[in-house]
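Below are the chains, spelled out letter by letter.
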Amino acid sequence: MSSPRGKLWGGRFAEATDTLLEVYSASEHYDRRLYAQDIRGSQAHARMLGQAGVLSAEDVTAICAGLDAIRAEIEAGDFPWDPALEDVHMNIEARLTARIGDAGKRLHTGRSRNDQVATDIRLYLREAIDHLRAVLGGLRAGLIDLAEREAETIFPGYTHLQSAQPVTAGHHLLAWEAMLARDCERLGELRARVNRSPLGAAALAGTSYPVDREMTAKELGFDAVIDNSLDAVSDRDFAIEFCADASLLMMHFSRISEELVLWANPQFGMVRLPDAFCTGSSIMPQKKNPDVAELARGKTGRTYGALMALLTLMKGQPLAYNRDNQEDKEPLFDALDTTLATAKIMAAMLPQLAFVPEACRRAASQGYPTATELADYLVRRGVPFRDAHEQVGKTVALAVERGVDLAELSLDEIRRNAPKADEDVFAVLTLEGAVAARDHIGGCAPAQVRAAAGRARDRLAAENLEPTHG
Ligand code: ARG
């Protein structure tokens with residue numbers, strides 16, 4: 001019996017591979033997206049072997065040129081992907097040998113698919129993180145600009161989703177920006193842990209060839225070599241960490257989305273979403289639905305799913321490489337695709353939010369939001385805070401009973417429970433007065449919002465995120 005047809009590992013096998021296994025184990029339909037990283041890694045490995053005297057200069061030249069031609073072939077859509085060759089690595093290697101002959105068969109000297117795939121994923125994820133951070137940077141810049149434009153817009157501040165105290169819309173937008181700034185920071189920290197080279201660890205134990213791991217690491221732009229060969233091929237912490245960071249990011253998008261769904265609801269009417277990012281109903285002609293927000297909220301779940309899948313994938317694995325690891329890619333790629341697509345559409349949509357100032361003001365004035373102002377006013381006039389709290393509570397009850405706002409009570413009515421109140425009390429009962437009084441770092445006063453927007457812009461500039469157009 002001959003060895004399994006076309007297999008690069010067929011030597012010790014007498015029988016052909018069952019087609020069920022071929023289908024079960026093939027990953028080329030999803031790991032082919034690593035082709036560019038795989039080729040770069042192979043070229044670096046070949047050049048290093050040339051330097052070490054393991055490969056001849058002619059072989060290195062033939063391998064590098066052959067791989068360049070294969071990259072062009074893949075990008076032109078002409079590459080003959082073959083699921084029987086399992087994965088992206090063996091598809092490319094088999095094709096290389098078909099093109100350049102024996103030199104192609106020498107490429108895999110001193111290497112294993114185990115260090116190869118770990119290298120590819122790290123290179124791919126590094127680029128994806130840079131892209132995602134750049135898109136988030138653009139989104140943050142848009143939010144900062146919008147916050148500045150809405151620095152004076154009176155807006156309801158909620159606790160328990162009950163109107164609590166008035167804030168400004170710009171202040172709320174800068175809270176969103178702060179969440180996304182932490183996401184960028186986290187991804188930047190992760191990038192440093194992703195950017196280390198497993199190449200040279202070979203299957204698990206290292207290799208007896210005189211490999212120069214520093215050389216390949218440097219050529220591929222890695223910051224360092226991963227010390228321990230067993231760890232280098234088996235570690236997928238970085239993929240789990242990405243899914244954790246992605247989950248946090250999506251959780252933020254989901255919270256933002258929930259707010260958009262509420263604000264855009266005609267019963268709130270505080271924000272108009274751009275038509276280009278809403279859809280209608282096939283039956284109800286009046287409808288304008290906030291689909292982007294709902295989809296983002298929904299897609300958050302699949303990202304949490306990716307995180308759980310990877311944690312579970314790794315939890316029972318003994319050192320070093322196990323085939324289980326092939327299952328790392330689909331959840332990781334899905335988390336990447338989901339976060340990137342969500343960040344892009346949010347970056348396009350959020351800067352176009354149109355606040356409706358009258359509706360925001362109306363919502364902000366509901367539910368006695370200046371009651372705390374009244375209490376603070378009484379405290380300034382010598383009433384102990386607990387007593388002031390009690391007096392204001394009674395005043396609110398009176399206003400509820402009369403169906404009016406605090407500012408609509410007469411001075412006599414206010415004095416009935418809060419005898420220290422005077423004519424000037426009405427100044428603190430306005431929404432503008434309440435927000436302007438929060439005039440400290442991180443407060444919602446318009447002047448503070450403008451200052452905070454300036455600081456946020458400075459921080460963003462200092463992060464040096466690559467500008468991107470999508
Ligand atoms: N496709 C495999 C993966 O993604 C590549 C490594 C396979 N190594 C092995 N010894 N079978 O994990």
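Small disclaimer: the values here were computed from a predicted structure and weren't measured. (Residues numbered from 1 in each chain as written. Predicted model: local features only at pLDDT ≥ 70, side-chain atom pairs only at ≥ 80, totals over all residues. Heavy atoms only, no water.)

A. Representation of empty space enclosed by the protein within the structure. Per the counting criterion, the structure on display carries one cavity of 30 Å³ or more. Considering only enclosed or pocket space, the largest cavity measures out at about 30 Å³ in volume. Along its surface, the largest cavity is lined by His45, Met48, Leu199, Gly200, Val211, Asp212, Arg213 and Thr216. Taken together, the elements giving at least two residues each to the lining of the largest cavity come down to helix 3 (35-51) and helix 9 (213-219). (1 Å grid on protein atoms, 1.4 Å probe; cavity = no way out; pocket = protein on both sides within 12 Å on 5 of 7 lines; lining within 4 Å. Points joined across faces, edges and corners; volume = space filled by probe spheres on them. Helix = DSSP H or I, 4+ residues; strand = E, 2+ residues; numbered from the N terminus.)

B. The arrangement of the packing of helix 15 (residues 371-380) against helix 16 (residues 385-402) in detail. In the contact formed by helix 15 and helix 16, the axes pass within 9 Å of each other and the chain directions differ by 135 degrees. As judged from the angle between their axes, helix 15 and helix 16 are oblique. Judged by the sense of rotation from one axis to the other, the crossing of helix 15 with helix 16 is right-handed. Two secondary-structure elements touch here, helix 15 through Ala371, Leu374, Ala375, Asp376, Leu378 and Val379 and helix 16 through Phe385, Ala388, Gln391, Val392, Thr395 and Val396. Of the residues assigned to the contact of helix 15 with helix 16, the class counts are nine nonpolar, two polar and one charged. (Axes fitted to C-alpha atoms, helices over the stretch in contact; angles between N-to-C directions. Parallel < 35°, antiparallel > 145°, perpendicular 65-115°, else oblique. Left-handed = near helix turned anticlockwise from the far one by under 90°. Contact = heavy atoms within 4.5 Å. Nonpolar A, V, L, I, M, F, W, Y, C, P; charged D, E, K, R; others polar.)

C. Examining the environment of leucine 248 more closely. With respect to the helices, strands and loops of the structure, leucine 248 is situated in helix 11 (residues 237-264). Sequence-wise, leucine 248 and glutamate 390 are 142 residues apart; in three dimensions their C-alpha atoms are separated by 41 Å. Every residue in contact with leucine 248, bar those within four places of it in the chain, is listed here: Asp183 and Arg186.

D. Structural context of the nonpolar core. In this structure, Trp176, Phe242, Phe253, Leu260, Leu350 and Phe355 are the most contacted members of the largest nonpolar core, which totals 98 residues. Leave out the neighbours within four places in its chain, and phenylalanine 242 touches Leu125, Ile129, Leu132, Leu187, Leu190, Leu332, Ala335, Leu336 and Thr339. Val404, Ile414, Ala418 and Val425 belong to the second largest nonpolar core, which has 22 residues in total. (Core = buried A, V, L, I, M, F, W, Y, C linked by side-chain atoms within 4.5 Å. Buried < 20%, exposed > 50% of the residue type's maximum accessible area, 1.4 Å probe, protein only.)

E. Expanded view of the site of the ligand. Within the structure, the ligand sits among Ser27, Asp87, His89, Arg113, Asn114, Val117, Tyr321, Arg323, Gln326 and Lys329. Note that a nitrogen atom of the ligand is positioned 2.9 Å from one of the side-chain N or O atoms of aspartate 87. Contact distances for the ligand include 2.3 Å between an oxygen atom and a side-chain N or O atom of tyrosine 321. Starting from 340 Å² of accessible surface for the ligand in isolation, the protein chains cover 86%. At three residues, the largest contribution of residues to the shell around the ligand is made by helix 7 (residues 113-149). Residue classes in the shell around the ligand are distributed as two nonpolar, four polar and four charged. (Near = heavy atom within 4 Å. Polar contact = N/O pair within 3.5 Å; in protein donor to acceptor, adjacent residues only side chain to side chain. Areas by Shrake-Rupley, 256 points an atom, 1.4 Å probe, with all protein chains shown as cover.)

F. Broad picture of helix 4 (residues 57-75). Its 19 residues place the ends of helix 4 27 Å apart at the C-alpha level, agreeing with the 27 Å of an ideal helix rising 1.5 Å per residue. Regarding helix 4, the residues found buried are Asp59, Val60, Ile63, Cys64, Gly66, Leu67, Ile70, Glu73 and Ile74. Next to the buried residues of helix 4 lie helix 3, helix 5 (88-100) and helix 6 (102-106). Positive backbone phi, at 80 degrees, marks glycine 77, one or two positions downstream of helix 4. (Expected span 1.5 Å × (residues − 1).)

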